[in-house]
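Summary of the model geometry
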Amino acid sequence: MKVVAIIQARMGSTRLPGKVLMDLAGEPLLARVVNRCSRASTLNGVVVATTTKLADEAIARLCAERGWPCFRGSEDDVLDRYELAAEAYKADVVVRITSDCPLIEPAIIDRTVREFLKRRPDVDYACNFLPNRTFPLGLDMEVVGRDALQRAWREDHNPAWREHVTEYVLRHPELFRIHGVTNDRNYSHMRWTVDEAEDLTFVRRIYGHFGHDRFSWLDVLGVLAEHLDWSALNRSVKQKVVG
């Protein structure tokens with residue numbers, strides 16, 4: 001069974017345009033995401049899925065320079081982009097990652113994928129933010145079987161949902177069997193994603209401390225316990241809600 005992580009990335013972020021290629025300790029932010037995902041042992045491949053817009057030529061060029069698999073598709077219909085990328089790279093299982101999560105954790109990816117595979121065929125979808133979020137925001141990842149992804153692609157007619165890929169699955173628990181992975185301790189109050197300039201300041205502080213991207217999320221927790229003021233850097237940022 002081929003498990004492929006697909007990282008959605010575009011330059012046209014509404015709140016922090018161009019963030020995916022902004023510098024993060026000497027590397028583009030997207031490179032940090034790709035590097036960290038690539039260390040997950042359960043993955044058979046990592047693909048960057050960007051758009052066909054001219055602005056995203058820069059992402060495609062970076063992928064070509066680094067030798068990363070890249071797929072280009074619709075900007076707004078991200079569900080379509082995922083399904084076509086999954087088809088192009090012959091994925092049986094898709095791991096959804098967003099490019100604004102430079103602290104994404106390989107060990108959590110592996111745990112979630114393993115739990116999904118162990119429960120197949122009785123589970124269609126797994127994630128690490130249900131039934132309640134226990135991991136920091138910014139470590140989110142989803143695992144979906146190709147059959148469930150294709151069903152959502154065929155049946156979801158809500159443009160707002162399709163922009164967020166798995167909304168049809170999440171909003172139809174009567175159709176899809178969903179599994180949630182949780183942590184023993186609740187860290188949901190922590191914000192490790194990049195949507196605003198304050199978020200970028202926060203992750204730059206983390207990367208500036210380590211100087212590389214091989215640290216674990218537990219290492220970050222340790223550093224934040226020593227530097228309590230760092231978490232305040234982006235505490236005021238509000239997370240967007242899916243309509």
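Check the entry above for the structure.
Here is a short report on the structure shown in this document.

1. Some words on the side chain of Asp 195
Within the element layout of this structure, Asp 195 appears in the loop between strand 9 (178-180) and helix 8 (197-210). Exposure remark for Asp 195: the relative accessible area of 8% places this residue in the buried category. A polar contact of 3.3 Å, which involves the side chain of Asp 195, links it to the side chain of Lys 19. Only 3.1 Å separates the side chain of Asp 195 from the side chain of Arg 191, close enough to count as a polar contact. Leave out the neighbours within four places in its chain, and Asp 195 touches Arg 15, Leu 16, Lys 19, Asp 100 and Gln 239.

2. A look at the side chain of Glu 142
Relative to the assigned elements, Glu 142 resides in strand 8 (residues 142-145). In this view, Glu 142 contacts Val 94, Val 95, Arg 96, Tyr 125, Ala 126, Cys 127, Phe 129, Thr 166 and Leu 170; residues no more than four positions away in its chain are not counted.

3. A look at helix 5 (residues 146-155)
Those residues of helix 5 not exposed but buried are Arg 146, Ala 148, Leu 149 and Ala 152. Buried residues of helix 5, viewed axially, fall in a sector of 165°; they line one side. As for helix 5, its buried residues are in contact with helix 3 (78-88), strand 6 (93-98), strand 8, helix 6 (159-162) and helix 7 (167-170).

4. Regarding the pairing of strand 5 (residues 70-73)
Only one face of strand 5 is covered, namely the one carrying Phe 71 and Gly 73; the face carrying Cys 70 and Arg 72 has none of its residues buried. Across four bridges, strand 4 (residues 45-51) lies against strand 5 in parallel orientation. Each bridged residue has a counterpart across the sheet, and for Thr 50 the counterpart in strand 5 is Arg 72.

5. Comments concerning the nonpolar core
Leu 30, Val 95, Ile 97, Leu 103, Ile 109, Trp 192 and Ile 206 are the most contacted members of the largest nonpolar core, which totals 55 residues. Taken together, the elements giving at least two residues each to this core come down to strand 1 (3-8), helix 1 (29-38), strand 4, helix 2 (57-66), strand 6, helix 4 (106-119), helix 8 and helix 9 (217-226). The contacts of Leu 30, once residues within four sequence positions are left out, are Ile 7, Ala 9, Val 20, Val 48, Ile 59, Leu 62, Trp 68 and Ser 99. In terms of nonpolar packing, the next biggest core, distinct from the first, is built from 24 residues, Phe 71, Ala 85, Val 144 and Leu 149 among them.

6. Brief notes about helix 2
Taken together, the buried positions of helix 2 are Ile 59, Ala 60, Leu 62 and Cys 63. Taken around the axis of helix 2, the buried residues stretch over an arc of 160°, which confines them to a single face. Across helix 2 from its buried face, at more than 90 degrees, point the exposed residues Ala 64 and Glu 65. The elements touched by buried residues of helix 2 are strand 3 (27-28), helix 1, strand 4 and strand 5. At the exit of helix 2 stands Gly 67, carrying a positive phi of roughly 75°.

Scoring rules and cut-offs
Residues numbered from 1 in each chain as written. Predicted model: local features only at pLDDT ≥ 70, side-chain atom pairs only at ≥ 80, totals over all residues. Heavy atoms only, no water. Helix = DSSP H or I, 4+ residues; strand = E, 2+ residues; numbered from the N terminus. Buried < 20%, exposed > 50% of the residue type's maximum accessible area, 1.4 Å probe, protein only. Polar contact = N/O pair within 3.5 Å; in protein donor to acceptor, adjacent residues only side chain to side chain. Contact = heavy atoms within 4.5 Å. Arc of directions from axis to C-beta. Pairing = 2+ DSSP bridges. Core = buried A, V, L, I, M, F, W, Y, C linked by side-chain atoms within 4.5 Å.

On their own, these measurements won't tell you what the molecule is for.
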